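Here is how the chains run, residue by residue.
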Amino acid sequence: MTIYLGTPAEARYWCREQRKGGQSVGFVPTMGALHDGHRSLVERAVAENGTTCASIFVNPLQFNSREDLDKYPRSLEEDLAILDRVGCKMAFTGSLESFFPEAGDADRIPPVVPLPAIAGLEAAFRPGHMEGVQAIVERLFRTVGPCRAYFGEKDFQQSLLVRQIAAGMNTIEVVVCPTVRESGGLAMSSRNRRLDAAERELALALVRALRAAAGAWHGGQRDPERLEELMRGMLAVPGITTDYTAVRDPENWTAETPPGPLQKGRALVAAWVGGVRLIDNLDLDTAGTHSSTVRPAFRGE
Ligand code: PAF
């Protein structure tokens, strides 16, 4: 059985006890509404560690709209059943106040000093979002303590940020795992639950745009602005509102489009399909070879 703990203090104690017994701890931070992408992270954590835990906390600090926070899917019972099935030993949650006890009140949580990966893209379109992720991930890492922490590559900018957080802590090893896709190519996301059948079809334009950029890259196009234009054009269809199409050097993150030609490229998109904001990305060098895992659609969706 996966045990479910309601406070960070209990989770900290549990993790410490596991380590005393000599077990390495795998950790999968989540906001719940688990899908096959999360499941693959937990499976990997279970395979690579003596014991595995997950957090389930819809972090208000990373939502820049109250409506988005309220609409974020929640399915605790199902989540715990999934964690149990794949061998996760403990799941924990907490309140903002319990993660930041020194603030006294959730409104008084001090701002973080933003790390470099925060710059641009998600930060520009969701003010405060990346800072909110930084604040909670730092706390989650401190709660769990020394561990191997697993994140999905779908949130590419977040994966750079969590590596930078971990680099400042010394006791956390970050493992970034490939994006898991539905059979049509749509990147798995908790937000996909809010798409109806027509929107789900429309949402495939995101991965098509990324693949078109990868095709152009393999054809020799190394100018990031041209690749961004190509993707923007493919997303210019009724029903889709694009926040950004971007190409970045993954090893040298910049807020703005870097000057070309690039040696390495990561294509990223964020777009609204109906009322749902979706993000996705592809490594342009390896796209079409091994950059993503496809699983059949989650049962029941
Ligand atoms: O990727 C997520 O689900 C969240 O951003 C995270 C890392 C759990 C922090 O709230």
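Residues numbered from 1 in each chain as written. Predicted model: local features only at pLDDT ≥ 70, side-chain atom pairs only at ≥ 80, totals over all residues. Heavy atoms only, no water.

Enquirer: Requested: an account of the pairing of strand β10 (residues 276–283), with residues and values cited.
Expert: Side-chain direction in a regular strand flips from residue to residue, so the side chains alternate between the two faces of the sheet. Counting buried positions along β10 gives eight out of eight residues, so the element sits mostly inside the fold. The two faces of β10 match: V276, L278, D280 and L282 on one face and R277, I279, N281 and D283 on the other face are all buried. Pairing analysis gives eight bridges linking strand β9 (residues 266–273) to β10, with the strands arranged antiparallel. Pairing of R266 across the sheet is with D283, part of β10. Counted between consecutive antiparallel strands, the loop separating β9 from β10 contains two residues, among which G274 sits at a positive phi close to 60 degrees. (Buried < 20%, exposed > 50% of the residue type's maximum accessible area, 1.4 Å probe, protein only. Helix = DSSP H or I, 4+ residues; strand = E, 2+ residues; numbered from the N terminus. Pairing = 2+ DSSP bridges.)

Enquirer: Run through the nonpolar core, naming residues and quoting values.
Expert: Counting 45 residues, the largest nonpolar core has F27, F92 and F141 as the members making the most contacts within it. Among residues more than four places away in sequence, those in contact with F27 are C53, A54, S55, F92, L140, F141, V144, C147, R148, A149 and Y150. Residues A209, W217, L227 and M231 belong to the second largest nonpolar core, which totals 26 residues. (Core = buried A, V, L, I, M, F, W, Y, C linked by side-chain atoms within 4.5 Å. Contact = heavy atoms within 4.5 Å.)

Enquirer: How would you summarise the packing of aromatic side chains if you had to cite specific residues and measurements?
Expert: With the rule as written, the count across this model stands at six aromatic pairs. Plain terms: the ring middles of F27 and F92 are 6.0 Å apart, the flat faces sit at 25 degrees to each other, and that makes the pair stacked. Taken together, the positions of F27 in strand β2 (residues 25–30) and F92 in strand β4 (residues 90–92) put the pair 65 residues apart, joining distant regions of the chain. Overall, F27 belongs to the buried group, its relative accessible area being 0%. In this structure, R222 packs its charged tip against the face of W217, placed 4.0 Å from the ring centre. (Phe/Tyr/Trp six-rings, centres within 6.5 Å; stacked < 30°, edge-to-face > 60°. Lys NZ or Arg CZ within 6 Å of the ring centre and 35° of its normal.)

Enquirer: Residues and numbers for the confidence of the model for the protein, please.
Expert: Averaged over every residue, the pLDDT of the protein is 94; residues scoring 70 or more account for 95%. Low pLDDT (under 50) marks residues 296–301, which in the prediction has nine contacts with non-local residues, meaning those over four places away or in another chain. (pLDDT = per-residue confidence, 0-100.)

Enquirer: Describe in detail the sheet that holds β10, supporting the description with residues and values.
Expert: Across the sheet, which stays open at both edges, the three strands sit in the order β8-β9-β10 with antiparallel pairing between neighbours. The open sheet has two edge strands, β8 (240–248) and β10, and neither has a second partner. Averaged over all pairs of adjacent strands, the angle between strand axes in this sheet comes to 10 degrees, irrespective of strand direction. In this sheet, β9 lies alongside β8 in antiparallel orientation, the contact comprising eight bridges. Paired with Y244 across the two strands is A270, which belongs to β9. Of the strands in this sheet, β8, β9 and β10 are in contact with helix α9 (residues 197–218), which crosses β9 at around 160 degrees. (Axes fitted to C-alpha atoms, helices over the stretch in contact; angles between N-to-C directions.)

Enquirer: Which residues make up the pairing of β2, and what values do they have?
Expert: Across the six residues that make up β2, a large majority, six, are buried. Alternating positions in β2 separate into two faces, V25, F27 and P29 on one and G26, V28 and T30 on the other, with burial throughout. Pairing of β2 with strand β3 (residues 51–56) involves six bridges; the strand directions are parallel. If you follow G26 over to β3, its bridge partner there is T52. Crossover connection from β2 via helix α2 (residues 36–48) to parallel β3: handedness right-handed. Across two bridges, β2 lies against strand β5 (residues 147–152) in parallel orientation. Across the sheet, G26 pairs through a bridge with R148, a residue of β5. (Right-handed = clockwise from strand over helix to strand, strands pointing away.)

Enquirer: Go over the site of the ligand, please, and point to the residues and values.
Expert: With respect to spatial proximity, the complete set of residues near the ligand consists of P29, T30, M31, Q62, I136, V137, F151 and Q158. At 2.6 Å, a side-chain N or O of Q62 approaches an oxygen atom of the ligand. Between the ligand and the protein, one listed contact pairs an oxygen atom with a side-chain N or O atom of Q158 at 2.7 Å. When the ligand is considered free in solution it has 280 Å² of accessible area, and contact with the protein chains removes 90% of it. Class assignment of the residues belonging to the shell around the ligand gives a composition of five nonpolar, three polar and no charged. (Near = heavy atom within 4 Å. Polar contact = N/O pair within 3.5 Å; in protein donor to acceptor, adjacent residues only side chain to side chain. Areas by Shrake-Rupley, 256 points an atom, 1.4 Å probe, with all protein chains shown as cover. Nonpolar A, V, L, I, M, F, W, Y, C, P; charged D, E, K, R; others polar.)

Enquirer: Would you mind going over the pattern of salt bridges in detail, with residue names and values included?
Expert: Overall, the coordinates contain 21 salt bridges when judged by the stated rule. One salt bridge connects K20 with E17, and the closest N-O pair in it is separated by 3.0 Å. With K20 and E17 both in helix α1 (residues 8–20), this residue pair falls three residues apart, about one helical turn. Owing to a relative accessible area of 63%, K20 belongs among the exposed residues under this scheme. Judged by its relative accessible area of 31%, E17 falls in the partly exposed class. The salt bridge involving E153 is made with R266; its shortest N-O contact spans 3.2 Å. (Salt bridge = Lys/Arg side-chain N within 4 Å of Asp/Glu carboxyl O.)

Enquirer: Lay out unusual backbone geometry with the relevant residues and their values.
Expert: A cis amide bond links G260 with the next residue in sequence, P261, at an omega value of -10 degrees. Secondary-structure assignment places P261 in the loop between β8 and β9. Its identity is not glycine, yet A33 carries a phi of approximately 50 degrees, on the positive side. Within the fold, A33 resides in the loop between β2 and α2.

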